[in-house]
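Structural description and commentary
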Amino acid sequence: MRAVVQNDKNRAVLAVAALATAAAALVSGCAGPGDEAEVRPAAGQQAHRGAAPDSHAALVAAARRWGLDAVPLRPPAPPEHKPRITARDGFEVDGQEEDDLPPVFTTIPTKKKVVFLTIDDGAEKDPDFLRMMSELRIPYSAFLSNYLVKDDYGYFRRMQAEGHTLNNHTLTHPYLPGLTYDEQKHEICGMQEIMKKQFGKAPTVFRPPYGNYNGDTLRAAKACGIKYAPIWDEEVFVDHWEYREWDRGLHPGDIVLTHFRGRNDWDGTMVDDMRRFLNKVTRDGYAVARLEDYL
């Protein structure tokens, strides 16, 4: 009987020691054989709430689940000193510098191999898209038009809660150069008011519909509190890419456009569109960074 009692005591001591060792390993950040080391979000990226993975193994699993060829690359930390953003050559309007008008640009000046994903209008509200981008931790900027988003502001609030930025794309998506200054100001300032009411703040970033603008557009945008008017260098669709530059390739700092579209407009879903986008940028050695971290 004494031997049995003694063995029980020995087992208890060993169990306590094992627990203590495990606790110490957790505190010191040690991982046992086969454990995955923690991969923290890149600086400047907000941690996604909910299902966002925190380990490389989880990212590998997410990439496999969404049918990607490889795990998307992680972006570098945002620049300590923001680059100076100016209007692209040939994209200026009269009075651009004298009146300090919001610059129209297609690329962020950086040598880092990053691109910026921007998504326009808000017609398609695909919950799978939200899950995909959350699980893969891909940042993007949405440019919203009220006539397309007003039926479900909540969808975009969920997007905003996960760290993505909501920007201005006018009330009704008109061809702005065909409007008077006052009409353009109504389109831009009216959307500013709605965004402040629905999403808590008026943005400082605006994209003119179709990428079309004139001097009145930029003067109206400035009057509405806009500081930047990015357009794009490439556009990705569910079945192909389109390029602004002659070399038909990606470049450091390029702004990429796509749209909130689904099977009603395309031969595929937003998930299919993002799969094409992510496979190419990853294959070409680029990471997706957050546009507003560079502005």
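You'll find the structure just up there.
Along each chain, residue indices are assigned from 1 in the same order as the chain's sequence is written. pLDDT decides what is reported in this predicted model: residues at 70 or higher carry local features, side-chain atom pairs at 80 or more are listed and counted, and totals for whole chains, interfaces and linings draw on all residues regardless. Note that the side-chain values use all heavy atoms of the structure and ignore hydrogens as well as water.

Some words on the nonpolar core
Formally: In this text, buried Ala, Val, Leu, Ile, Met, Phe, Trp, Tyr and Cys residues form a nonpolar core when linked through side-chain atoms within 4.5 Å. We call a residue buried when its accessible area falls under 20% of the maximum for its residue type, exposed when it is over 50%, and partly exposed in between, using a 1.4 Å probe and counting protein chains only. Helix and strand labels come from DSSP, where a helix needs a run of H or I of at least four residues and a strand needs a run of E of at least two; each type is numbered from the N terminus. Two residues qualify as a contact provided that any one of their heavy atoms is within 4.5 Å of a heavy atom in the partner residue.
One finds Phe129, Leu144, Met159 and Phe277 to be the most contacted residues of the largest nonpolar core, which totals 39 residues. Contributing elements (two or more residues each) for this core: α2 (56–65), β2 (114–121), α3 (127–136), β3 (141–144), α5 (153–161), α6 (181–199) and α8 (270–283). The biggest single contributor to this core is α8, with 6 residues. For Met159, the contacting residues outside a window of four places in its chain are Phe129, Leu130, Tyr140, Ala142, His164, Leu166 and Phe260.

Quick notes on the state of the cysteines
Formally: The disulfide definition used here is simple: a pair of cysteine sulfur atoms within 2.5 Å.
Within this structure, the stated rule accounts for 1 disulfide. What pairs with Cys189 in a disulfide is Cys224, and their sulfur atoms sit 1.8 Å apart. Classification of the bridge connecting Cys189 and Cys224 rests on its S-S torsion, roughly -100°, and on that basis the disulfide is left-handed. With Cys189 in helix α6 and Cys224 in the loop between α7 (215–223) and β5 (229–230), this pair connects stretches of sequence that are 35 residues apart. Here Cys189 matches Cys224 in class, with each residue buried.

Let's talk about the packing of α3 against α8
Stated formally: Lines are fitted to the C-alpha atoms to define the axes, a helix being fitted only along its stretch in contact, and any angle between axes, read from their N-to-C directions, falls within 0 to 180 degrees. Here roughly perpendicular refers to angles of 65 to 115 degrees, roughly parallel to angles under 35, roughly antiparallel to angles over 145, and oblique to all remaining angles. Residues are sorted three ways: Asp, Glu, Lys and Arg are charged, Ala, Val, Leu, Ile, Met, Phe, Trp, Tyr, Cys and Pro are nonpolar, and all the rest, Gly among them, are polar.
Two elements in contact, α3 and α8, have axes whose closest approach is 8 Å; the angle formed by their N-to-C orientations is 30°. In terms of their interaxial angle, α3 and α8 are classed as roughly parallel. Within the contact between the two elements, α3 uses Asp128, Phe129, Met132, Met133 and Leu136 and α8 uses Met270, Val271, Met274, Arg275 and Leu278. Looking at the contact of α3 with α8 residue by residue, the class counts come to 8 nonpolar, no polar and 2 charged.

Here's the deal with α8
Threshold: Expected helix span is given by 1.5 Å per residue-to-residue step, counting one fewer step than there are residues. Polar contacts here mean pairs of N or O atoms no more than 3.5 Å apart (in protein, one a potential hydrogen donor and the other a potential acceptor; neighbouring residues in sequence count only if both atoms are side-chain atoms).
The end-to-end C-alpha distance of α8, which contains 14 residues, comes to 20 Å, matching closely the 20 Å that a straight helix rising 1.5 Å per residue would cover. With 10 of 14 residues buried, α8 is to be regarded as a mostly interior element. All buried positions along α8 are accounted for by Met270, Val271, Asp273, Met274, Phe277, Leu278, Asn279, Lys280, Val281 and Thr282. The secondary structure elements touched by the buried residues of α8 are β2, α3, β6 (234–236), β7 (241–243), β8 (255–259) and β9 (287–289). Its side-chain oxygen placed 3.3 Å from the backbone nitrogen of Val271, Thr269 serves as the N-cap of α8. After α8 finishes, the residue Gly285 shows a positive phi value of roughly 85°.

Some thoughts on the packing of α5 against α6
Closest axis-to-axis distance for the α5/α6 pair is 11 Å, and the angle between their directions is 70°. In terms of orientation, α5 lies roughly perpendicular with respect to α6. Counting all contacts with α5, which are made through Tyr153, Phe156, Arg157 and Gln160, the residues of α6 involved are Ile194, Gln198 and Phe199. Classifying every residue of the contact of α5 with α6 by side-chain character gives 4 nonpolar, 2 polar and 1 charged.

A short note on the layout of surface pockets
Short version of the rule: We place a 1 Å grid over just the protein atoms. Points where a 1.4 Å probe fits but has no way out form a cavity, open points with protein on both sides within 12 Å along at least 5 of 7 lines form a pocket, and any residue with an atom within 4 Å of a point lines it. Grid points are joined across faces, edges and corners, and a volume is the space filled by probe spheres set on the points.
For the largest pocket, the calculated volume is near 360 Å³. Lining the largest pocket are 16 residues, and of these Ile85, Gln96, Asp100, Leu101 and Pro103 sit closest to its centre. Considering only residue class, the lining of the largest pocket consists of 7 nonpolar, 2 polar and 7 charged. Broken down by secondary-structure element, the contributors of at least two residues to the lining of the second largest pocket are β4 (165–168) and α6. At 3 residues, the largest contribution of residues to the lining of the second largest pocket is made by β4. By residue class, the composition of the lining of the second largest pocket is 6 nonpolar, 7 polar and 3 charged.

What to know about the side chain of His173
Position of His173 relative to the elements: it lies in the loop between β4 and α6. Here the side chain of His173 touches His169 through a polar contact of 3.1 Å, side chain to side chain. The contact partners of His173, leaving out residues within four places of it in the chain, are Ser145, Tyr147, Glu187, Pro209 and Tyr210.

Overview of a negative patch on the surface
Our working rule: Patches in this entry comprise residues that are over 30% relatively accessible and not in a salt bridge; like charges within 9 Å are linked, as are nonpolar side chains (Val, Leu, Ile, Met, Phe, Trp, Tyr) within 5 Å. Note that accessible areas follow from Shrake-Rupley with a 1.4 Å probe, and for residues the cover is restricted to the protein chains shown. When a carboxyl oxygen of Asp or Glu lies within 4 Å of a side-chain nitrogen of Lys or Arg, that pair is called a salt bridge. Positive charge is attributed to Lys and Arg, negative charge to Asp and Glu, and no charge count is given to His or to the chain ends. Throughout, a charge is located at the NZ atom of Lys, the CZ atom of Arg, the CG atom of Asp or the CD atom of Glu.
Taken together, the side chains of Asp89, Glu92, Asp94, Glu97 and Glu98 define an acidic patch exposed on the protein surface. Residue placement: Glu92 occurs in the loop between α2 and β1 (104–105).

Here's the deal with the packing of aromatic side chains
What counts, and what does not: Only centres within 6.5 Å qualify two rings of Phe, Tyr or Trp (six-membered ring in Trp) as a pair; their planes then separate them into stacked at under 30 degrees, edge-to-face at over 60, and tilted for everything else. Charge-over-ring contacts are defined here by two conditions on Lys NZ or Arg CZ: a distance within 6 Å of the ring centre and an angle within 35 degrees of the ring normal.
Summed over the entire model, instances satisfying the criterion amount to 10 aromatic pairs. Ring centres of Phe105 and Tyr228 lie 6.4 Å apart, and the angle between their planes is 85°; this geometry places the pair in the edge-to-face category. Of the two residues, Phe105 sits in strand β1 while Tyr228 sits in the loop between α7 and β5, which places them 123 residues apart along the sequence. For Phe105, a relative accessible area of 1% corresponds to the buried category. Plain terms: the ring middles of Phe116 and Tyr294 are 5.0 Å apart, the flat faces sit at 70° to each other, and that makes the pair edge-to-face. Of the two residues, Phe116 is situated in strand β2 and Tyr294 in the segment after β9; the sequence distance between them amounts to 178 residues. Taking relative accessible area as the criterion, Phe116 reaches 0% and is therefore assigned buried. An aromatic cluster is defined as three or more aromatic residues linked by ring pairs; in this entry it consists of Phe129, Tyr140, Tyr155, Phe156 and Phe260. Stacked on the ring of Tyr286, the Lys or Arg Lys113 has its end atom at 4.6 Å from the ring centre.

It is worth stressing that arrangement in space is one thing and function is another; only the former is reported here.
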